[in-house]
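Given next are the chains, with one letter for each unit.
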Amino acid sequence: MKRRDWFRAGAAAPLMMGLEAEVLAGASTGMKVATRTRRLNLKHTWTTVMSSSQYRDTFYVEISKDGLTGVGEGAPIIRYKESAETCDAAVKAIVPWLEQQDPRAFQKVMAGVFQKIEGNWAGKAAVDIALMDWVGQKMQTPVWRLFGVDKADTPVTVFSIGIDKAEVVRQKVREAEAFPVLKVKVGLDNDEEVIGAVRAETKKPLRADANEGFKSKEQAVEKINWLEKQGVEFIEQPLPAANLEDMNWIRKRVHIPIIADEACLHPADIPRLAPHFDGVNVKIDKCGGLLEGWRMIQMARALGLKVMLGCMVSSSVAITGAAQLTPMVDYCDLDGMMLISNDPYEGVLVERGKLILSDRPGLGLKPRKA
Ligand code: MG
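Residues numbered from 1 in each chain as written. Predicted model: local features only at pLDDT ≥ 70, side-chain atom pairs only at ≥ 80, totals over all residues. Heavy atoms only, no water.

## Here's the deal with the overall build of the chain
Line of reasoning, step 1. Looking only at helices and strands, one finds 14 helices and 15 strands in the chain.
Line of reasoning, step 2. Projected onto its principal axes, the C-alpha positions of the chain cover 85 × 45 × 35 Å.
Line of reasoning, step 3. Looking at the 370 residues of the chain, the share that counts as buried comes to 56%.
Line of reasoning, step 4. Once local pairs closer than 6 in sequence are excluded, the contacts in the chain between residues at least 24 apart make up 67%.
Line of reasoning, step 5. Carbon and sulfur atoms make up 53% of the accessible area of the chain, which totals about 16000 Å².
Line of reasoning, step 6. Looking at charge distribution, the chain has the averaged site of its 50 positive side-chain charges lying 3 Å from that of its 48 negative ones. (Helix = DSSP H or I, 4+ residues; strand = E, 2+ residues; numbered from the N terminus. Buried < 20%, exposed > 50% of the residue type's maximum accessible area, 1.4 Å probe, protein only. Contact = heavy atoms within 4.5 Å. Areas by Shrake-Rupley, 256 points an atom, 1.4 Å probe, with all protein chains shown as cover. Lys, Arg positive; Asp, Glu negative; His and termini not counted. Charge placed at Lys NZ, Arg CZ, Asp CG, Glu CD.)

Right under this line is the structure:
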C-alpha cells in the first residue's frame, strides 16, 4: 500500500490526521502572493519629450513561502496603456492560480503568467522579479549567479539629466559629480541650451536620448552630428518607433551608434530592428521581467547588436532586479532609484557610477527605515 493510500485507508487515523495535513500542505505549495502600489516622489520634476511629473506610482508583488519573501517591482508605462491600477488588477486576477504554483519552477511559472496576463508588462516584471528574489533566497545564492555571470563585469551606469532650465541643469550636473558618464535628454527646442549648460559644468562623456523627438530624418542627422561634436557617444531613438525606413539613411550620415529604445519592447522585436540600429535598450519593465530581459540580451547578441540595459523611474527593487543582468551588457542606464526621495529599499550600490551587486541571497534587498 502506498503511503498516501494508507493514510486514506484510515490506518492509525488519530495519529495521521496531523501528518496527512502536513503531507497535503507539502503537495500544494503554500505560496502567498500580495500586491501593492507605492507612490515614489521625484527629487526634481522629471521632464522628457513624453511627459513631466513630480511622482511615479509603481507596482509591487511579494511572494512568500517557507518563511522567505521575494519582492518585485515594475514601473508601468502609460505609453503601453498600463498603470499601477491595471497591473494590480491583472496580477490579482491570477493570484489564485499563482498560489498553486511551485516557485522553484520559475521559468514554467512565468510562461503561465505570460499566457494569462495580457499587456501589463510592469505587472509581469514585478511577479518575475519577486519570483527570482524568492528563488535566490531559497537556493541561498544571489540572483546574478543564477544567470552565470561575473559580478566584476558590471558596467558603469550613467546618471540621467532631465530636460530643464539651464540653471537647474547645471545644478543636476553638479549633483551627479560622482558619475563618470551622464545621459542627457534631448529632442525639444532647447537642446543647445541644455547641452550648453551641461558643458558649462563638465567635460565628461555624454550619451543622449531623443525619445523619438526629432522632427525629420534631416533634423536627426543635423542634431546627431552636432551632438557628436559635443562629446556624445551614442544616441537613443532619434525618430518615432514605427519609423524604420529612415534609420539607415540617417546611419549613413552620422558616426555615433544609434540605439533603439521605444521601438524595442520584446525579444521578437529585435530581428526586425537589427538591420536598422546599432544596438537595443532592454528594459525589464517593458519586456516583463528578468527572464524575458535575458532572452532579449541573447537575441541581440546573436544578431551582433550592442546592448544597453535601461530603466524607468522606480525604486531599488526594480533597479536591483535589472542590475542582476548588467554583467552581460555594454551600456547601462540604471539610475531610476537615484531620482526619487523615498526609496523603500536599499539594493544595488553605485560607487563612482559602477554597479556593485550584493553577495546576499536573492536580490539582497534591505528595507529602509522610514
Ligand atoms: Mg530611452
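## Section: the pairing of strand 9 (residues 279-283)
Line of reasoning, step 1. Counted residue by residue, strand 9 has 5 buried out of 5 residues, so it is predominantly covered.
Line of reasoning, step 2. Of the two faces of strand 9, the one holding Gly279, Asn281 and Lys283 and the one holding Val280 and Val282 are both buried throughout.

## Regarding the packing of aromatic side chains
Aromatic ring pairs: the centre-centre distance and the angle between the two ring planes describe each pair.
Line of reasoning, step 1. For the structure on display, the rule yields 3 aromatic pairs.
Line of reasoning, step 2. Seen from their ring centres, Phe114 and Trp121 are 5.9 Å apart, and the 55° between their planes marks the pair as tilted.
Line of reasoning, step 3. Residue classification places Phe114 among the partly exposed residues on the basis of a relative accessible area of 25%.
Line of reasoning, step 4. Where Phe159 meets Phe179, the ring centres are 5.1 Å apart and the plane angle is 35°; that geometry is what we call tilted. Separated by 20 residues along the polypeptide, Phe159 in strand 4 (residues 159-161) and Phe179 in the loop between helix 7 (166-175) and strand 5 (182-185) bring together distant segments of the chain. Grouping residues by exposure puts Phe159 and Phe179 together as buried.
Line of reasoning, step 5. Over the aromatic face of Phe114 sits the side chain of Lys124, whose NZ or CZ is 5.0 Å from the ring centroid.
Line of reasoning, step 6. For the cation-ring pair, Lys124 lies above Trp121, with the distance from its terminal atom to the ring centre recorded as 3.5 Å. (Phe/Tyr/Trp six-rings, centres within 6.5 Å; stacked < 30°, edge-to-face > 60°. Lys NZ or Arg CZ within 6 Å of the ring centre and 35° of its normal.)

## Some details on the environment of Cys332
Line of reasoning, step 1. Checked against the element boundaries, Cys332 lands in strand 11 (residues 331-332).
Line of reasoning, step 2. Cys332 gets classed as buried once you look at its relative accessible area, which sits at 1%.
Line of reasoning, step 3. Put simply, Cys332 and Glu193 are 139 residues apart on the chain and 25 Å apart in space, counted from C-alpha to C-alpha.
Line of reasoning, step 4. Among residues more than four places away in sequence, those in contact with Cys332 are Pro155, Val156, Thr157, Val158, Arg207, Leu309, Thr326 and Leu355.

## Looking at unusual backbone geometry
Line of reasoning, step 1. Its identity is not glycine, yet Gln140 carries a phi of approximately 60°, on the positive side.
Line of reasoning, step 2. Structurally, Gln140 is set in the loop between helix 5 (121-138) and helix 6 (143-146).
Line of reasoning, step 3. Gln140 sits in the exposed class, given a relative accessible area of 61%.

## Here we look at the packing of helix 8 (residues 191-201) against helix 9 (residues 217-229)
Line of reasoning, step 1. Two elements in contact, helix 8 and helix 9, have axes separated by 12 Å at closest approach and are oriented at 10°. When the axis of helix 8 is compared with that of helix 9, the two are roughly parallel. Contacts between helix 8 and helix 9 involve Asp191, Glu192 and Ile195 on the former and, on the latter, Lys223, Trp226 and Leu227.
Line of reasoning, step 2. When its residues are assigned to classes, the contact of helix 8 with helix 9 shows 3 nonpolar, no polar and 3 charged. (Axes fitted to C-alpha atoms, helices over the stretch in contact; angles between N-to-C directions. Parallel < 35°, antiparallel > 145°, perpendicular 65-115°, else oblique. Nonpolar A, V, L, I, M, F, W, Y, C, P; charged D, E, K, R; others polar.)

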